[in-house]
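Single-letter residue listing:
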Amino acid sequence: MSAETESLSARLEQALVQYPVENIGTRLSEHEARGIIEDDLPRIVRGVLNGTDLTIKGSIGQGMWTSIPWVAVMDPRETSTTQNGVYVVYLFEPKRGKVRLTLNQGVTDIKNDQGMSAARDALRSKARLIREKVAHDQIPQFEPAEITFENASTVPKLYGPGTIFHRTYDINEIPDEEAVRRDLRDIFNVYSDWVFQEVGDEVEDREAETALQDFPKPRRADEVQTQLRANGQVVFY
């Protein structure tokens, strides 16, 4: 079965149903949910987005089963790691039977650099800035707000402040396949528009900086006089 014909809606539900909540905090092991999150969902998402040039990754934790597994979609022009930058990500809350499709931010690097409190403020500030730059009317089904993750451990607690837009699916109310795919495409299009804006701004900044570097510096009067004498020209005072 190809990624185009596999059910994204069904796999999202299976990830919640199959996730071994009793294993959270214990060493990783082979499990059906692991294959769904790390292999199946990234493959299906890539097919939905036709994302040959995208970085798409799923994770159930680093060494131990996490309370909030995820599947992330990253544009390499913005980031290729979930530790920093902005990206689209499904955040699962198996204990609560919820999965949230979000436009979010990497939290690990900023937390390591600034600490939890400062990182929280910085993430909220950038989330507000991005909401002001993109067209929310393109994704009215998404909420432009922070999320509270009740079962999150230390670093995942920052997923909430980092959230820019989100839509929540409850385990018994996951929309049909057409709606789930449309939501993914819609939030990804908003993300792509924002990345395009950012890349364009960076190019303009670099071009402006280069132009300033190439612009000749003003010459002092004594330098001009010296050059004139060297050329055999008369200098009047």
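Now for a quick tour of the structure. (Residues numbered from 1 in each chain as written. Predicted model: local features only at pLDDT ≥ 70, side-chain atom pairs only at ≥ 80, totals over all residues. Heavy atoms only, no water.)

## Observations concerning the nonpolar core
Then, number 1: Core analysis: the largest hydrophobic core is formed by 59 residues, its most contacted members being Leu8, Leu12, Tyr90, Phe92 and Leu184.
Then, number 2: Going through the elements one at a time, helix H1 (8-18), helix H2 (32-49), strand E2 (70-74), strand E3 (86-93), strand E4 (98-105), helix H3 (108-133), strand E5 (165-170) and helix H5 (177-214) are the ones with two or more residues in this core.
Then, number 3: Apart from residues lying up to four places away in sequence, Leu184 is in contact with Leu8, Val45, Val48, Leu49, Val88, Tyr90 and Leu101. (Core = buried A, V, L, I, M, F, W, Y, C linked by side-chain atoms within 4.5 Å. Buried < 20%, exposed > 50% of the residue type's maximum accessible area, 1.4 Å probe, protein only. Helix = DSSP H or I, 4+ residues; strand = E, 2+ residues; numbered from the N terminus. Contact = heavy atoms within 4.5 Å.)

## Quick look at the environment of Met116
Then, number 1: Along the chain, Met116 falls in helix H3.
Then, number 2: By relative accessible area, which is 21% here, Met116 ends up partly exposed.
Then, number 3: C-alpha separation for the pair Met116 and Thr154, spaced 38 residues apart in sequence, amounts to 8.7 Å.
Then, number 4: Contact partners of Met116, with chain neighbours within four places excluded, come to Lys111, Thr154, Lys157 and Leu158.

## Here's the deal with the pattern of salt bridges
Then, number 1: On inspection of all chains with the given rule, the structure shows 15 salt bridges.
Then, number 2: Glu93 is the partner of Arg96 in a salt bridge, and the nearest nitrogen-oxygen pair spans 3.7 Å.
Then, number 3: Classification of Arg96 as partly exposed rests on a relative accessible area of 30%.
Then, number 4: Two residues, Glu198 and Lys133, come together in a salt bridge whose shortest N-O distance is 3.0 Å. (Salt bridge = Lys/Arg side-chain N within 4 Å of Asp/Glu carboxyl O.)

## Section: the environment of Val99
Then, number 1: Here Val99 lies in strand E4.
Then, number 2: For Val99, a relative accessible area of 0% puts it in the buried group.
Then, number 3: Taking C-alpha positions, Val99 is 5.3 Å from Tyr169, a pair spaced 70 residues apart along the chain.
Then, number 4: In contact with Val99, other than residues within four places in its own chain, are Leu12, Leu16, Tyr90, Leu91, Phe92, Arg167, Thr168 and Tyr169.

## Observations concerning the pairing of E2
Then, number 1: Most of E2 sits inside the fold, with five of its five residues counted as buried.
Then, number 2: Burial along E2 is two-sided: Trp70, Ala72 and Met74 and Val71 and Val73, pointing in opposite directions, are all buried.
Then, number 3: Pairing analysis gives five bridges linking strand E1 (residues 55-59) to E2, with the strands arranged antiparallel. Pairing of Thr55 across the sheet is with Met74, part of E2.
Then, number 4: Alignment of E2 against E3, held across four bridges, turns out to be antiparallel. Bridging from a neighbouring strand, Ala72 pairs with Val89 of E3. (Pairing = 2+ DSSP bridges.)

## Topic: the sheet that holds E5
Then, number 1: Taken in spatial order, the five strands make up an open sheet running E1-E2-E3-E4-E5, and their pairing is antiparallel. Because the sheet does not close on itself, it has two edges, and the strands there are E1 and E5. On average, each strand axis in the sheet is inclined to that of its neighbour by 15°, with strand direction left out of account.
Then, number 2: With six bridges joining them, E4 and E5 adopt antiparallel strand pairing. (Axes fitted to C-alpha atoms, helices over the stretch in contact; angles between N-to-C directions.)

## With respect to the packing of aromatic side chains
Then, number 1: Applying the stated criterion to the full structure yields three aromatic pairs.
Then, number 2: Ring centres 6.3 Å apart and planes at 90° place the aromatic pair Phe149 and Tyr159 in the edge-to-face group. Taken as a pair, Phe149 in the loop between H3 and helix H4 (159-162) and Tyr159 in helix H4 lie far apart in primary sequence, ten residues in all.
Then, number 3: On the basis of relative accessibility, which here comes to 13%, the residue Tyr159 falls in the buried class.
Then, number 4: On the numbers, 6.0 Å between centres and 65° between planes, the contact of Phe188 with Tyr191 is edge-to-face. Here Phe188 pairs with Tyr191, and both are found in helix H5, just three residues apart, close to one helical turn. (Phe/Tyr/Trp six-rings, centres within 6.5 Å; stacked < 30°, edge-to-face > 60°.)

## Re the packing of H1 against H2
Then, number 1: Remark: H1 packs on H2, axes separated minimally by 9 Å, with the N-to-C direction vectors making an angle of 160°. Taken together, the axes of H1 and H2 lie roughly antiparallel to each other. Of the two elements, H1 crosses H2, and the hand of that crossing is left-handed. Where H1 abuts H2, its residues Leu8, Arg11, Leu12, Gln14, Ala15 and Gln18 lie against Glu32, Ala33, Ile36, Ile37, Asp40, Leu41, Ile44 and Val45. (Parallel < 35°, antiparallel > 145°, perpendicular 65-115°, else oblique. Left-handed = near helix turned anticlockwise from the far one by under 90°.)

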